[in-house]
Structures are given as C-alpha cells and as structure tokens.
Amino acid sequence: MNSTLSTAGLDRRALLRGSAIAALAILGTGSLAACSSAVGEQASSAGESANPVRGGTLTLALRDDVSPSALLTNTTTAGATIMGLVYETLTRYPLDSVVPQPVLAKSWNLSDDGLTVTLNLRDDVTFHSGRPFTSADAEFSLRTYSDPKHSAQLRSTATTITGFDSSDPHTLVLTLAHRTGNIFDLFELAPIFDSETFDKTVAGESFIGTGPFVFSSRTPNSQITFDRNPDYWIAERPYLDRVEARIIPDSQARLASLKSGQVTLVMPASLTFRDSQTVSKTNGFETTSLDGAEMQTYLGANVAADGLTDVRTRKAVAYSIDRDRIMSEVYRDSGYAVNLPWPKSSPAYDAAKNAVYTRDVAKARALVSEVGALPTIPLTYTGVSPDYEAVAQIVQANLAEAGITVELDPVESSVFAKQLIGAEFKGLWLTSHGFAQFVPSTLTVSAYPFNAAHNASKFSSPAYSAAAEAAWQVSDGSSDEAKKLYADLGTQMLDELFLIEIGVVVPQVSAAATARDLAWTKNSQPQFTNTFLA
C-alpha cells in the first residue's frame, strides 16, 4: 500500500499547534488551491483532464437506503453518500496520513497542556438554507454528536469536550476534560448540521448542510437526488449539475446497471471483489483501490453466549480460519491477513503479533477436545455486502474441520446494525470495521466492536479499559509511549479473542471511465467537488 498513518519523528502536539500556520498556507487565497487542500480530496480515478467539463448528472448505485435516525452510526452507504455530498466537517485528513487539513475550520491551535483547542472558522460559508455558518452551529453539531440517542461511534471523544465558547461567530474554543489524542478524528467525522432544521434531518424530511451538493429529493428504497450548490464557498465548484443515487439491493443488479450504463459508478463495498476485478479489465471502465480507507473483516464473539464463554473455544476459532484463502478467493488479494485490527500503515501494527494465529486445524481440534461438547453456534452476517456470504461459508467449513458446528444466520442490514449497536448477537458475527486507519486509540474508545466501556461482545476487563484510556490520552499517537500501549492492547486482544480478525481489505470503486477526479475520505465518503464527466 502507498498510504501511511504514521507521523513518526514528529511530536503530534507540536504539529497540531503549528497547524494554524500550515492551514493558512495550504488554504491560500486562490479558489483552486482551496479546493484541493481545504476539502482534503485525493483523486481516485486514473483518467484525469486538464480541462474539466461543467454540467451533467453522475449516477451512483447504492446497496441500501439511509436510515435518517441513524445518520451518525456510519452503517449504510446511503448515509455515507449524504454525509459526503451534503455535509462538511471542521477538518479532514488526506488519505495517506492523519495530519488534519482545513475544511470549515481554516486554522487551529492546541494549547501546551493539550486541554484547549481554538478553531478559527471560515466566514464565507452558508448553509443550503442561505443562513451563514457560525461557531454556534459547530457547537450545536459537536453537542449533538455526543448525545447518546444518536449512537455515534466517537461519542466518547465528543464527551471529553466540557466547555464551549462560541461568543465569536468565527471562533470556537473548546475545553477538554483531559488530553485526547484523537480529537481531530472527531473533527473529521462529526458533520456540521444546521441547528434550525436538524429535527427534519433525523425525520428524513430534509438534509441541510454546507457541502457542494444540495439534497433535492428522496424516494425511500428507490432514489436520492442532489443538485449542485450554486452558492458553494469554493468558487466555480462543483462541476456536476446533479448526483442521482439509485438504491439497488442486489449485487448482480448493481453490476448489470454499471455495465449497461444505467449508473456511472458503484459505491465502495457494493460489488464483489471478483466482479470489481472483472470490471477493471473491461474497456471503458476502471476499478480503483482506496488506499488509506481500509476496512478490516473480522469475526465477533459474544463472550457471554453458550459455547463461547471459554476462551479456548475462541482460540480454536482463531486457529481454524483459513485467512489466506479468504483474502485470495473472496477479496482477490486486495489486502492481507491479520490477527490485530490495525493496517500496516498504522503505528500500532505489529508483524509478530499478526502471526500468532495462523491456520492450524490440529491445535483447534485439541482445544475443542479440552472444552468438550459444544452447542451449534449461530454466525450472523448481513447480505448487504456481497462478499460476506462467501466469507461466512468458508468460515463455517473451516470450523467444521475443528469440530465446531456453525449455523449461518443472514439478516437484514437494519437488524444487523441494531444487534451490533445493542450487543444482541447470539453467538458469532461477521462484518467489517473501519477507524483503524485513523489514530489507533480511536478503535478502543469508540468503535462498537472494540469500545472498552461497552462493546458488541459484552467483553469487559479493567486491564483493557486502563490500556485503552491511557493510549487515548497520549497526545502523539505515533510516539514510543503510544506504541507500548498499543502493544499492551494487542496482547490483551490476542489473549481474550473477543474479536477474531481475518484481514485488512482495501475498498474498491468501479466506475465508467467517463467519471473523472473521483475522490473519497478515509471513511469512504464521496468527495465529488472536483468530479466531472468527460
């Protein structure tokens, strides 16, 4: 991979204090420079042109519809699309680092003690309603993100903000309860909402942000349309007149729509990797890997469920899985096998620890023999991702070889999300997680599967909680101090195996070659400010 999360050799706190100067230098005064840097975009289309074409409609294929009340949970492609097109955030990382770049915050300063963040906001931004964006909106959005009823995954980080000063409409001063090494992860992921229309947003009636596209209409389970924002703060952008997102639940139907020209592109994780590979070899189409936006496929285990309370059973599962086969056959080598959740580009990556559990059926059988008779264990997954069924079938066969009987339990995506957030799985579950490509501590204090305070596995440990909290409060996430804490977390994960990692997967996007300058965030949200149709 070409991407990297590490900022080795830099003191992160000094880096963030200096970002006020760096951000101003990056932003500049020219609209073109502001566009490429301020929104942190990275081209993901091989075809580029020096002469962008204005106008046209870009059509997308989505695998599922948005659940308006769950916009902040990052669980649907439609939700990610709305977030990427309609809303903006305070800052954004480029795909290849965790060095924040300006978006709605044009510069910032972190105090020497790490407890005060001052954000200098743009004064030329308006919401789609025409109302000016101010510091009060940023305060409202961060407070909203911290509200437990919205189940936002970085809520714990948002709740470290104990003080807000929005008295200056273009400056927001935040007071933190303690040093928080991933505060810019929050600024990247918390969308800025219009406080006056937020009730309509969670009701699915209206989506009003400051982004390059304006929500136009939505037909549930059918289509969502967005029009060009004529008053966007980046001059002459976006180039496209409209984006139409069509909801096509079936993977093969999405593929057929792309090949027939009914849609221009299929969103990430919406085609099988085999189909994406085929598209890449078809004249007039391109498939692009989103390096820096990695996802990790894993098995989760409810450690309170019958058959999984004994860690020896979970270790047998870990030894049984043929990770190399899954990565080769299902993901077509677009990634690599792992035992821990962080990608190679992360300062938390540990090659030795990632080789602890390789396929060893004899060890798995021996562990099952020690435990004794096991019940049939449900394996829940959602068919919304076209590759999960294939992975689940391989896992089922692998575990059978070790003497563990697994019953596949496919469910609708909304049901799966409810079980994940509510820790309601009956046994094992299969899905992917993100956030490992951000600051490493974000996983263990934020993500549903890993959160030390409350996770989908019903796993708790004072030692794990203490290590997660300590890593979170290290200001420099790539320092030796932080790496020692990540190593401690990794050891506990391997010892307890409440989550069993399978592999790091690099998402792929397949599109017609006519779509130029496509770009994405680290969280796989579309960034089409510079996109045009050739």
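Residues numbered from 1 in each chain as written. Predicted model: local features only at pLDDT ≥ 70, side-chain atom pairs only at ≥ 80, totals over all residues. Heavy atoms only, no water.

Draft legend 1. Just the overall build of the protein, in detail. Looking only at helices and strands, one finds 18 helices and 21 strands in the protein. Overall size of the protein, expressed as C-alpha extent along the three principal axes, is 70 × 60 × 40 Å. If you take every contact in the protein between residues at least 6 apart in sequence, the share linking residues at least 24 apart comes to 73%. Of the accessible surface of the protein, which amounts to about 18800 Å², a share of 48% is contributed by carbon and sulfur atoms. Mean positive and mean negative side-chain charge positions of the protein (41 and 57 charges, respectively) differ by 3 Å. (Helix = DSSP H or I, 4+ residues; strand = E, 2+ residues; numbered from the N terminus. Contact = heavy atoms within 4.5 Å. Areas by Shrake-Rupley, 256 points an atom, 1.4 Å probe, with all protein chains shown as cover. Lys, Arg positive; Asp, Glu negative; His and termini not counted. Charge placed at Lys NZ, Arg CZ, Asp CG, Glu CD.)

Draft legend 2. Here's a closer look at the layout of surface pockets. Here the second largest pocket is characterised by a volume of approximately 390 Å³. Around the second largest pocket sit 23 residues that line it, and R155, S156, V445, N451 and H454 are the ones nearest its centre. The leading source of residues in the lining of the second largest pocket is helix α17 (residues 462-472), at 4 residues. Residues of the lining of the second largest pocket, tallied by class, amount to 11 nonpolar, 10 polar and 2 charged. (1 Å grid on protein atoms, 1.4 Å probe; cavity = no way out; pocket = protein on both sides within 12 Å on 5 of 7 lines; lining within 4 Å. Points joined across faces, edges and corners; volume = space filled by probe spheres on them. Nonpolar A, V, L, I, M, F, W, Y, C, P; charged D, E, K, R; others polar.)

Draft legend 3. Highlighting the pattern of salt bridges. Overall, the coordinates contain 18 salt bridges when judged by the stated rule. Its salt-bridge partner being D64, residue R63 comes within 3.8 Å of it at the nearest N-O pair. R63 sits in the buried class, given a relative accessible area of 14%. A residue is classified by how much of its surface remains accessible, and D64, at 7% relative accessible area, is buried. The salt bridge partner of D65 is R218, with a shortest N-O separation of 3.0 Å. One end of the pair, D65, is in the loop between β1 (57-62) and α4 (77-86); the other, R218, is in strand β8 (residues 213-219), with 153 residues separating them in the sequence. For D65, a relative accessible area of 11% puts it in the buried group. (Salt bridge = Lys/Arg side-chain N within 4 Å of Asp/Glu carboxyl O. Buried < 20%, exposed > 50% of the residue type's maximum accessible area, 1.4 Å probe, protein only.)

Draft legend 4. Fine view of the sheet that holds strand β4 (residues 105-110). Spatial ordering of the open sheet is given by β4-β5-β7-β6, a layout of 4 strands whose pairing is antiparallel. Pairing within the sheet leaves two strands with one partner each, and these edge strands are β4 and β6 (161-165). On average, each strand axis in the sheet is tilted by 20° relative to the strand beside it, whichever way the strands run. Each of β5 (116-121), β6 and β7 (171-176) touches helix α5 (residues 135-146); the most contacted strand, β7, lies at about 35° to it. (Pairing = 2+ DSSP bridges. Axes fitted to C-alpha atoms, helices over the stretch in contact; angles between N-to-C directions.)

Draft legend 5. View of empty space enclosed by the protein. On inspection of all chains with the given rule, the structure shows 9 cavities of 30 Å³ or more. Taken as a whole, the largest cavity spans an internal volume of roughly 110 Å³. In terms of lining residues, the largest cavity is bounded by 14 residues, among which M83, T89, L189, P191 and Q525 are the most central. Contributing elements (two or more residues each) for the lining of the largest cavity: α4 and α7 (183-189). Taken together, the residues of the lining of the largest cavity sort by class into 7 nonpolar, 5 polar and 2 charged.

Draft legend 6. Just the packing of helix α9 (residues 251-260) against helix α10 (residues 273-280), in detail. Orientation of α9 relative to α10, taken along the N-to-C sense of each, is 10°, at an axis distance of 11 Å. What the angle tells us is that α9 and α10 run roughly parallel. Facing S251, Q252, L255, L258 and K259 of α9, the residues of α10 in contact are D275, T278 and V279. A class-by-class count of the residues in the contact of α9 with α10 yields 3 nonpolar, 3 polar and 2 charged. (Parallel < 35°, antiparallel > 145°, perpendicular 65-115°, else oblique.)

Draft legend 7. Geometry of the environment of S320. Relative to the assigned elements, S320 resides in helix α11 (residues 311-320). Taking the C-alpha atoms as reference, S320 lies 8.8 Å from A400; in sequence the two are 80 residues apart. Each residue touching S320, except ones within four places of it in the same chain, is listed here: R359, A364, N398, L399 and A402. At 2.6 Å, the side chain of S320 and the backbone oxygen of A316 are in polar contact. (Polar contact = N/O pair within 3.5 Å; in protein donor to acceptor, adjacent residues only side chain to side chain.)

Draft legend 8. Summary view of the packing of aromatic side chains. Per the counting criterion, the structure on display carries 22 aromatic pairs. Residues Y319 and Y357 carry aromatic rings whose centres are separated by 4.9 Å and whose planes lie at 65° to one another, so their mutual orientation is edge-to-face. Here Y319 is found in helix α11, whereas its partner Y357 is found in the loop between β14 (335-337) and α13 (361-371), with 38 residues between them in sequence. When sorted by exposure, Y319 lands in the same class as Y357, which is buried. Ring geometry for W520 versus F528: centroids 5.5 Å apart, planes at 80°, classification edge-to-face. Given the relative accessible area of 1%, W520 is considered buried. Taking relative accessible area as the criterion, F528 reaches 1% and is therefore assigned buried. Within the aromatic cluster, the residues linked to one another by ring pairs are Y87, F140, F193 and F198. Cation over ring: K344 sits above Y336, and NZ or CZ is 4.4 Å from the ring centre. (Phe/Tyr/Trp six-rings, centres within 6.5 Å; stacked < 30°, edge-to-face > 60°. Lys NZ or Arg CZ within 6 Å of the ring centre and 35° of its normal.)

Draft legend 9. Highlighting the environment of Y87. Its place among the elements puts Y87 in the loop between α4 and β2 (91-92). Judged by its relative accessible area of 2%, Y87 is buried. It is 7.5 Å that separates the C-alpha atoms of Y87 and I208, two residues lying 121 residues apart in sequence. A distance of 3.4 Å separates a polar atom in the side chain of Y87 from the backbone nitrogen of I208.

Draft legend 10. Main features of unusual backbone geometry. With an omega dihedral of -5°, the bond running from R237 to P238 counts as a cis peptide bond. Within the secondary structure, P238 is located in the loop between β9 (223-228) and β10 (242-247). Notably, R332 is not glycine yet its phi reads approximately 55°, a positive angle. Tracing the sequence through the fold places R332 in the loop between α12 (323-330) and β14. Looking at R332, the relative accessible area reads 26%, which means it is partly exposed.

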